[in-house]
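# A look at the structure
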Amino acid sequence: MDLLQELEPVVAANLDRHLGLAKEWHPHDYVPWSQGRDFAFLGGEDWRPEDSPLDPVAQTAMVVNLLTEDNLPSYHREIATRFGRDAAWGQWVGRWTAEEGRHGIAMRDYLVVTRGVDPVALERARMDQMTNGYESGDKTPLQTIAYVSFQELATRVSHRNTGRATGCPLAEQLLARISTDENLHMVFYRNLMAAAFDLAPDDAMEAVRDEVVGFAMPGAGMTDFARKSVAIAKAGIYDLRLHHDEVIMPVLRHWKVFERTDLGPAGEQAREELTDFLGKLDVRAARFVERRDAARVDA
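Description of the structure in this document. Just so it is clear, the structure is predicted and the values come from calculations on it, not from any experiment.

### Details of the overall build of the protein chain
In terms of helices and strands, the protein chain carries eleven helices and zero strands. Ordered by position in the sequence, the α and β elements of the protein chain form the string α-α-α-α-α-α-α-α-α-α-α. Oriented by its inertia axes, the alpha-carbon framework of the protein chain measures out at about 70 × 50 × 30 Å. Put simply, the protein chain has 299 residues, and 50% of those count as buried. In the protein chain, the share of contacts with a sequence separation of at least 24, taken over all contacts with a separation of at least 6, comes to 83%. Accessible surface, the protein chain: about 14,200 Å² in total, of which carbon and sulfur atoms supply 53%.

Have a look at this one:
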């Protein structure tokens, strides 16, 4: 709690920065409403697989991304519990939640209007996902800041690459817009963690180690997530190589994790364990890419 209080001026400054950079946008502007038509309940036709204009793997990725966004009430609870609802922290929690809410609205409207996915299956999956909710466990506030610094960037990469893979210019435009939001959120949390490193370097390093080593996407608990993740990785939308190169390492470099000279014994040990893990992750990523490339040649 002392650290949260010390960080509050940083939160306030970065909230002002965020509000100065964030651009207002409206979900309805990104949905091709003229493509919509009634379903059988209102006298039209229900969804058929051939209705979807999306690449099948990109379709899977969009559903995974949307179901992840659907758990926003749980995420709000998690960060409000960790950071509080007062002063700058509370203002940020509310603003972040409102901005994230647009993502699910826009994606669902796009998918239903364009018949990109089976809306019945999508609604059933939403019910399951939100009923199960999301629990981050017993993360400390500092671990939470470290986690969301990586997670927001991971979400940005996933949305961006999903848009490119859809084969639909409208979907790509929408997901690029959402990715911009996610990047601003990442910068906010990344800046807080940078300040935490200056205030409590050992605690910060231990939190970063914990969250890198134990990282899992917030949608990991959804039904059939493992199989869907493999398909997404094989398509190059989000895989270990991207996770290492475009998510973990850029954030660590920003914090100058490997250059810091202000660590005590606990921080040094955490950095050594982090370095060891990253080396193994890099090897796993390289092997995955080699196997994927070989499979594409044989196909």
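Let's pick the thread back up.
### Remarks on the nonpolar core
Judged by nonpolar contacts, the single largest core of 77 residues is most densely connected at Phe 150, Met 193, Val 208, Leu 252, Trp 255 and Leu 278. The biggest single contributor to this core is helix H7 (residues 169-199), with 13 residues. Leaving out residues up to four positions away in the same chain, Met 193 has contacts with Leu 142, Ile 145, Ala 146, Ser 149, Ala 204, Ala 207, Val 208 and Trp 255.

### Regarding the pattern of salt bridges
Counted by the stated rule, this structure contains 24 salt bridges. The residue Arg 77 makes a salt bridge to Glu 78 at a minimum N-O spacing of 3.3 Å. Here Glu 78 falls in the buried class, since its relative accessible area comes to 7%. Salt-bridge contacts for Glu 99 lead to Arg 95; the nearest nitrogen and oxygen are separated by 2.5 Å. Of this pair, Glu 99 and Arg 95 both sit in helix H4 (residues 87-113), four residues apart, which is roughly one turn of the helix. You can call Glu 99 buried: its relative accessible area is 4%.

What counts, and at which threshold
Residues numbered from 1 in each chain as written. Predicted model: local features only at pLDDT ≥ 70, side-chain atom pairs only at ≥ 80, totals over all residues. Heavy atoms only, no water. Helix = DSSP H or I, 4+ residues; strand = E, 2+ residues; numbered from the N terminus. Buried < 20%, exposed > 50% of the residue type's maximum accessible area, 1.4 Å probe, protein only. Contact = heavy atoms within 4.5 Å. Areas by Shrake-Rupley, 256 points an atom, 1.4 Å probe, with all protein chains shown as cover. Core = buried A, V, L, I, M, F, W, Y, C linked by side-chain atoms within 4.5 Å. Salt bridge = Lys/Arg side-chain N within 4 Å of Asp/Glu carboxyl O.

Without other data, these values stay purely geometric and don't point to any function.
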